[in-house]
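Report on the structure
These are the residues of each chain, in order.
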Amino acid sequence: MTSIDPANLPKHIAIIMDGNGRWAKKRLLNRIEGHKKGTDAVRNIVRASREIGIEYLTLYAFSEENWKRPKSEVSALMTLLKEFLISEFSEMQENGIRLNAIGRTEKLPEAVRKTLSETITKTSSNRDMVLTLALSYGGRQEIADSVKRIAFLIEKGDISVNEVTEDLISGCLYTAQIPDPDLLIRTSGEYRISNFLLWQIAYTELYITPTLWPDFGKDEYLAAIADFQGRERRFGGT
Ligand code: IPE
Ligand code: IPE
Ligand code: MG
């Protein structure tokens, strides 16, 4: 197993969990079977993150654009999400994991919203890791919502135009309470961002692997972290 330096861990890892459909297709299974298998990978990576000592883990679970998928697939994903929240609750409590959600979660079905908000409330005093699920999330929508909030503050006279800074914008995003990701992992080999955390990844290190999400396990997770640890982050300096 790859060894990593515990003194140089990424504080925040974000993951675009892609490839469930292709995993199923390769096995002549229904796409939904791929999503089910993907849920097992989520459980493993959440567990591994906590063991390694990652403070913030953000998972892209459902994009704003994913609503365009067939109704049957969307509804299966919603059911899996609800089941995941219920089945993982005790482990989140035992491991000090606080659940958080970003995105237009008001669009989720009522039953999912209810379980989501209950889990967020019940885990709110956990302090060891923040697990953020991006649900009905789009980076452009997030920026648009932030601009609206700022415009409203200006309209009310609470702030002046000159007070619009990078920090103010960051503070009006859904991720206001979370540091920018240090490492972004995308599985399934697509070299794109698919509308994930557009503002926040300005200086994030990218790791793209051809492995399909259901096959992504702890070994490769450690390899991604080790790869990150070998990079020189310059942030535009020398
Ligand atoms: C990622 O897997 C899961 C979601 C987007 C919800 P996909 O369903 O996108 O799988 P592929 O990309 O079709 O293989
Ligand atoms: C990105 O995957 C969204 C999630 C992983 C939730 P998609 O499969 O939706 O992205 P594209 O369509 O390949 O860009
Ligand atoms: Mg995909």
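Keep in mind that this is a model prediction, so the values were computed, not measured. (Residues numbered from 1 in each chain as written. Chains lettered and ligands numbered in written order. Predicted model: local features only at pLDDT ≥ 70, side-chain atom pairs only at ≥ 80, totals over all residues. Heavy atoms only, no water.)

1. Re the nonpolar core
We apply this condition: Take the buried Ala, Val, Leu, Ile, Met, Phe, Trp, Tyr and Cys residues and link them wherever side-chain atoms come within 4.5 Å; each set so joined is a nonpolar core. Each residue gets one of three labels from its accessible area relative to the maximum for its type: buried under 20%, exposed over 50%, partly exposed in between, using a 1.4 Å probe on protein chains only. Each helix is a run of H or I in the DSSP string that is no shorter than four residues. Each strand is a run of E no shorter than two, and both are numbered from the N terminus. Contact criterion: two residues are considered in contact whenever any of their non-hydrogen atoms come within 4.5 Å of each other.
Counting 39 residues, the largest nonpolar core has Ile 13, Ile 15, Leu 57, Leu 59, Ile 185 and Tyr 221 as its most contacted members. Take this core: its biggest share by element is seven residues, from helix α3 (residues 71–94). The contacts of Tyr 221, once residues within four sequence positions are left out, are Ile 13, Ile 15, Ile 45, Ala 48, Ser 49, Ile 52, Ile 54, Leu 57, Ile 185 and Phe 216.

2. Some thoughts on the packing of aromatic side chains
Think of a pair of aromatic rings as described by two things: how far the centres are apart, and how the planes are tilted against each other in angle. We count it as follows: In this analysis, rings of Phe, Tyr and Trp, with Trp reduced to its six-membered ring, are considered paired at centre separations within 6.5 Å, and the interplanar angle assigns stacked below 30 degrees, edge-to-face beyond 60, and tilted for intermediate values. Either the NZ atom of lysine or the CZ atom of arginine qualifies as a charge over a ring when it sits within 6 Å of the ring centre and within 35 degrees of the ring normal.
Taken as a whole and judged by the stated rule, the model has eight aromatic pairs. Each ring, one from Phe 216 and one from Tyr 221, has its centre 6.2 Å from the other, and the planes form 75°; the classification is edge-to-face. Neither residue differs from the other here; Phe 216 and Tyr 221 are each classed as buried. An aromatic cluster is defined as three or more aromatic residues linked by ring pairs; in this entry it consists of Tyr 60, Tyr 137, Tyr 174 and Phe 196. Here the basic side chain of Lys 122 rests over the ring of Phe 89, its NZ or CZ set 5.0 Å away from the ring centre.

3. Comments concerning the side chain of Asp 145
Condition: Here a polar contact means two N or O atoms within 3.5 Å. Within protein one must be a hydrogen donor candidate and the other an acceptor candidate, and residues neighboring in sequence count only if both atoms are side-chain atoms.
Along the chain, Asp 145 falls in helix α5 (residues 139–156). At 2.6 Å, the side chain of Asp 145 and the side chain of Tyr 174 are in polar contact. When near neighbours in sequence (up to four residues on either side) are disregarded, Asp 145 contacts Arg 104 and Tyr 174.

4. Here's the deal with the site of ligand 1
The test is simple: A cutoff of 4 Å decides nearness: a residue is near a molecule or strand if any of its heavy atoms lies inside that distance of it. Accessible areas in this description were obtained via Shrake-Rupley with a 1.4 Å probe; residue shielding takes into account the shown protein chains only. Cavities and pockets are defined on a 1 Å grid built over the protein atoms alone: a cavity is a set of grid points where a 1.4 Å probe fits but cannot escape, while a pocket is an open set with protein on both sides within 12 Å along at least five of seven lines, and lining residues are those with an atom within 4 Å of any such point. Criterion for pocket placement: a molecule counts as inside a cavity or pocket if more than half of its atoms are within 2 Å of its grid points. Put simply, Ala, Val, Leu, Ile, Met, Phe, Trp, Tyr, Cys and Pro go in the nonpolar bin, Asp, Glu, Lys and Arg in the charged bin, and everything else, Gly too, in the polar bin.
Taken together, the neighbourhood of ligand 1 is formed by Met 17, Asp 18, Gly 19, Asn 20, Gly 21, Arg 22, Arg 31, His 35, Ala 61, Asn 66, Arg 69 and Leu 77. For ligand 1, an oxygen atom lies 2.8 Å from a polar atom in the side chain of Asp 18. With respect to ligand 1, the backbone of Gly 19 contributes an N or O atom lying 3.3 Å from an oxygen atom. Out of a free accessible area of 380 Å², ligand 1 has 87% covered by protein chains. The pocket occupied by ligand 1, as judged from atoms lying within 2 Å of grid points, is the largest pocket. Contributing elements (two or more residues each) for the shell around ligand 1: α1 (20–26) and α2 (31–52). Among the elements that line the shell around ligand 1, the one with the most residues is α1, at three residues. Partitioning the shell around ligand 1 into residue classes produces three nonpolar, five polar and four charged.

5. Considerations on empty space enclosed by the protein
Using a probe with the size of a water molecule, rolled over the atoms, empty space left in the structure can be pinpointed. Applied cut-off: Grid points are joined across faces, edges and corners, and a volume is the space filled by probe spheres set on the points.
Taken as a whole, this structure holds two cavities of 30 Å³ or more when the rule is applied. For the largest cavity, the calculated volume is near 80 Å³. For the lining of the largest cavity, the elements supplying multiple residues, two or more each, are α2 and α3. In terms of residue count, the dominant contributor to the lining of the largest cavity is α3 (four residues). Here the residues of the lining of the largest cavity are counted per class, giving five nonpolar, one polar and four charged.

6. Comments concerning the layout of surface pockets
The computed volume of the largest pocket comes to approximately 730 Å³. What lines the largest pocket is a set of 32 residues, among which Met 17, Tyr 60, Ala 61, Phe 62 and Asn 66 lie closest to the centre. Those elements giving two or more residues to the lining of the largest pocket turn out to be α1, α2, β2 (56–63), α3 and β4 (129–137). Taken together, 13 residues make up the lining of the second largest pocket; nearest its centre are Asp 180, Trp 199, Gln 200, Ala 202 and Tyr 203. Grouping the amino acids of the lining of the second largest pocket by side-chain chemistry returns five nonpolar, three polar and five charged.

7. So, the packing of α2 against α3
For clarity, the threshold we go by: Where helices are involved, their axes are fitted lines through C-alpha atoms of the stretch in contact, as for all axes, and angles between N-to-C directions lie from 0 to 180°. Roughly parallel covers angles under 35 degrees, roughly antiparallel covers those over 145, roughly perpendicular covers 65 to 115, and oblique covers all other angles. Handedness of a crossing follows from how the near helix is turned relative to the far one, being left-handed for an anticlockwise turn of less than a right angle and right-handed for a clockwise one.
Relative to each other, α2 and α3 sit at 25°, their axes nearing to 10 Å. Judged by the angle between their axes, α2 and α3 are roughly parallel. Relative to α3, the crossing made by α2 is right-handed. On α3, the residues touching Arg 31, Ile 32, His 35, Lys 36, Thr 39, Val 42, Arg 43 and Arg 47 of α2 are Ser 72, Glu 73, Ala 76, Leu 77, Leu 80, Phe 84, Ser 87, Glu 88 and Glu 91. Split into classes, the residues belonging to the contact of α2 with α3 amount to six nonpolar, four polar and seven charged.

8. Some points on the sheet that holds β2
Our working definition: Pairing between strands requires that DSSP locate at least two bridges from one strand to the other.
Read from one edge to the other, the open sheet built from six strands follows the order β3-β4-β2-β1-β5-β6, with strand pairing classed as parallel. The open sheet has two free edges, formed respectively by β3 (97–102) and β6 (205–208), since each of these has just one partner strand. With strand direction ignored, the average angle separating the axes of adjacent strands in the sheet is 20°. By the bridge criterion, four bridges tie strand β5 (residues 183–186) to β6 in an arrangement that is parallel. For Ile 185, the partnering residue across the bridge sits in β6 and is Tyr 207. The strands touched by α2 are β1 (12–16), β2, β3 and β4; relative to β2, the strand with the most contacts, the crossing angle is about 165°.

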